[in-house]
Amino acid sequence: MTSPTDESPVCSARGCREPAAWALLWNNPRLHDAARRKTWLACPEHRTTLGDFLDARGFLREVAAAPGSPTLDT
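Residues numbered from 1 in each chain as written. Predicted model: local features only at pLDDT ≥ 70, side-chain atom pairs only at ≥ 80, totals over all residues. Heavy atoms only, no water.

Let us now look at the overall build of the protein. Counting its secondary structure elements, the protein contains one helix and three strands. Helices and strands in the protein line up, N terminus first, as β-β-α-β. (Helix = DSSP H or I, 4+ residues; strand = E, 2+ residues; numbered from the N terminus.)

Put into structure tokens, the structure is as follows:
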């Protein structure tokens, strides 16, 4: 039996259980100081839609390969 810490991170999109390949780092400047970063994880299919959602609100700060992702190997 695996524990939650043994499992690969999954995409943050509602209903998606695919492995995360991307980390979308964001903050809401009305609520968070400039250095604070929150993270949404995204599979390749949802990277654009989640990023566009955050970017449209001025929240997206950075997109990086998710730790442990095969994206780091390319």
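Still to come is the rest of the account.
As a further point, take the environment of Gly 68. Assignment of secondary structure puts Gly 68 in the segment after β3 (60-65). Gly 68 sits in the exposed class, given a relative accessible area of 75%. (Buried < 20%, exposed > 50% of the residue type's maximum accessible area, 1.4 Å probe, protein only.)

Residues of helix α1 (residues 47-56) that are buried include every one of Leu 50, Gly 51 and Leu 54, and no others. For α1, the angular spread of buried residues about the axis comes to 100 degrees, placing them on one side. Packing partners of the buried residues in α1 comprise β1 (22-26), β2 (38-42) and β3. Just past α1, the residue Gly 58 takes up positive phi, approximately 75 degrees. (Arc of directions from axis to C-beta. Contact = heavy atoms within 4.5 Å.)

In short, the description is geometric, and any link to function would need to be established separately.
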